[in-house]
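# Report on the structure
Given next are the chains, with one letter for each unit.
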Amino acid sequence: MKELGRIIDLPKIIDPRGNLTVADGIRNLPFEIKRVYWTYDIPAGESRGGHAHKDCKELIIAVSGSFDVTLDNGRERATFHLNHPYQGLYVDTGIWRTLDDFSSGAVCLVLASELFDEEDYVRDYDEFIESVR
């Protein structure tokens, strides 16, 4: 059974002028980064995600504000509250994810192991459950 996810602490370089964090696909991520995207201006009460990936692995980071990520491997669920820009939630392939409870001004940054490919998505939850059993 796939791990539901894990928090990865990224390097935090403390500087009185402002801190810096780096995500290096070679040194501190379990994949090479091929795509970067972010969501923002999410209206109150809205959700994002609602899918799984067949091949793409992701690191989800709350670069501003906070939100919850619920992961489901077909047998168990876990919810992670993201609110530190120096931490990312690693999500492996074959894990259903839903993002919700976004704070005002939240920005969700996603580092992905693959380029966008609609064929990589499983968008129907019943189909997802069938695929993991």
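Presented here is an overview of the structure given in this document. (Residues numbered from 1 in each chain as written. Predicted model: local features only at pLDDT ≥ 70, side-chain atom pairs only at ≥ 80, totals over all residues. Heavy atoms only, no water.)

## Points about the side chain of H53
Here H53 lies in strand β5 (residues 48-53). At 3.4 Å, the side chain of H53 forms a polar contact with the side chain of E58. Apart from residues lying up to four places away in sequence, H53 is in contact with E58, T93, G94, I95, R97, D120 and Y121. (Helix = DSSP H or I, 4+ residues; strand = E, 2+ residues; numbered from the N terminus. Polar contact = N/O pair within 3.5 Å; in protein donor to acceptor, adjacent residues only side chain to side chain. Contact = heavy atoms within 4.5 Å.)

## Description of the pattern of salt bridges
Pairing between side chains of opposite charge can happen when the charged atoms of each approach one another. Taken as a whole and judged by the stated rule, the model has seven salt bridges. Residue E3 pairs with R6 through a salt bridge whose shortest N-O separation is 3.2 Å. Note that R97 and E58 form a salt bridge whose closest N and O atoms lie 2.6 Å from each other. Here R97, found in strand β10 (residues 96-100), pairs with E58, found in strand β6 (residues 58-64); they are 39 residues apart in sequence, far enough to count as distant. We classify R97 as buried; its relative accessible area is 1%. (Salt bridge = Lys/Arg side-chain N within 4 Å of Asp/Glu carboxyl O. Buried < 20%, exposed > 50% of the residue type's maximum accessible area, 1.4 Å probe, protein only.)

## Observations regarding the sheet that holds strand β12 (residues 121-122)
Read from one edge to the other, the open sheet built from five strands follows the order β8-β7-β10-β5-β12, with strand pairing classed as antiparallel. Edge positions in the sheet fall to β8 (77-82) and β12, since each has one partner strand and no second. Here β5 runs beside β10; their pairing, made up of three bridges, is antiparallel. If you follow R48 over to β10, its bridge partner there is L99. (Pairing = 2+ DSSP bridges.)

## Notes on the sheet that holds strand β1 (residues 6-9)
Overall, antiparallel pairing links the five strands, which are arranged β1-β9-β6-β11-β4 in an open sheet. One side of each edge strand has no neighbouring strand; the edge strands of this open sheet are β1 and β4 (35-39). Here the average twist between neighbouring strands, direction ignored, is 30°. Bridge analysis of β6 against strand β9 (residues 87-91) gives three bridges, and the strand direction is antiparallel. When the bridges of β9 are listed, E58 appears paired with V91. (Axes fitted to C-alpha atoms, helices over the stretch in contact; angles between N-to-C directions.)

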